[in-house]
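# Understanding the architecture of this molecule
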Amino acid sequence: MPVLVLNSSLQPLSVIPERRLIVLLSKQKVTFVDESVRSLIEESIEARRLELERPVIVQLLANVRVPRVALQPSRANILLRDDETCQYCGKRSRDLTLDHIIPRSRGGTSTWENLVASCKHCNGKKGNRLLKEVNMRLLRQPRPLSQEYAGFFLLRYPKLHEAYQEFILSAHGGSLREMSA
Ligand SMILES: [Zn+2]
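The notes below deal with the structure included here. (Residues numbered from 1 in each chain as written. Predicted model: local features only at pLDDT ≥ 70, side-chain atom pairs only at ≥ 80, totals over all residues. Heavy atoms only, no water.)

### Considerations on unusual backbone geometry
Located in the positive-phi region is Asp 83, a residue other than glycine, with phi close to 55°. With respect to the element layout, Asp 83 can be found in the loop between α3 (75–81) and β5 (96–100). Positive phi is not limited to glycine here, since Asn 135 has a value of about 55°. By the secondary structure assignment, Asn 135 is in the loop between α5 (131–134) and α6 (158–171). Residue class for Asn 135 comes out exposed when judged on its relative accessible area of 73%. (Helix = DSSP H or I, 4+ residues; strand = E, 2+ residues; numbered from the N terminus. Buried < 20%, exposed > 50% of the residue type's maximum accessible area, 1.4 Å probe, protein only.)

Here it is, written out as structure tokens:
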């Protein structure tokens, strides 16, 4: 089970393998967000058998400055942002294409704002035309995926993602839940 590392500000930083957790613990760089996990993990490290069954979240004791990295609108990143869902009809598929909203032949560029995941059917239907010309619309306005976007890499680890969301909710004393209600 991979381990989620949060900055001391609680912003997700990275996902690391268990081996790396042992190093961070021995250097006293991190603390557990759930103290009840600590003894369990310390015991298993002593027994040299660290097999984490449930998601583990640790927090850095000192905040690190994270340089802002501009992510490229690559095929993989666009599909991740769009949750592998066609942005025209909402169909989820492993077999998606990238569509230029404003076609390249009409001056459209390969940017975060102009690229969306599209199923082959919708892509074919749209062809080299503008949305208004074919009476199609986007499910949502495409935005750049930034490193700030809470744990963009977490999308690849559903269990950790879930555990992180639960942790953030409890850290805010349920105020987020009230806000969204
Ligand atoms: Zn579609």
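### Considering the coordination of the zinc ion
Donor atoms from the polypeptide that bind the zinc ion are Cys 86 (SG), Cys 89 (SG), Cys 119 (SG) and Cys 122 (SG), placed at 2.3 Å. Taken together, the 4 donor atoms surrounding the zinc ion define angles of 102 to 116° at the centre, an arrangement classified as tetrahedral. In terms of primary sequence, the donors binding the zinc ion are separated according to C-x2-C-x29-C-x2-C. Taken together, the residues span a long stretch of sequence, with Cys 86 in the loop between α3 and β5 and Cys 122 in helix α4 (residues 120–126) at a distance of 36 residues. Take Cys 86: its relative accessible area is 0%, and that puts it in the buried class. Residue Cys 122 is classed as buried on the basis of its relative accessible area, which comes to 5%. (Donors = N, O, S within 2.8 Å, 3.2 Å for Na, K, Ca; no water. Tetrahedral: all angles 85-135°; square planar, octahedral: opposite > 155°, others 65-115°.)

### A word on the environment of Leu 130
Within the secondary structure, Leu 130 sits in the loop between α4 and α5. Here Leu 130 falls in the partly exposed class, since its relative accessible area comes to 21%. Non-local contacts of Leu 130, meaning those with residues more than four positions away in its chain, are made with Ile 102, Pro 103 and Arg 106. (Contact = heavy atoms within 4.5 Å.)

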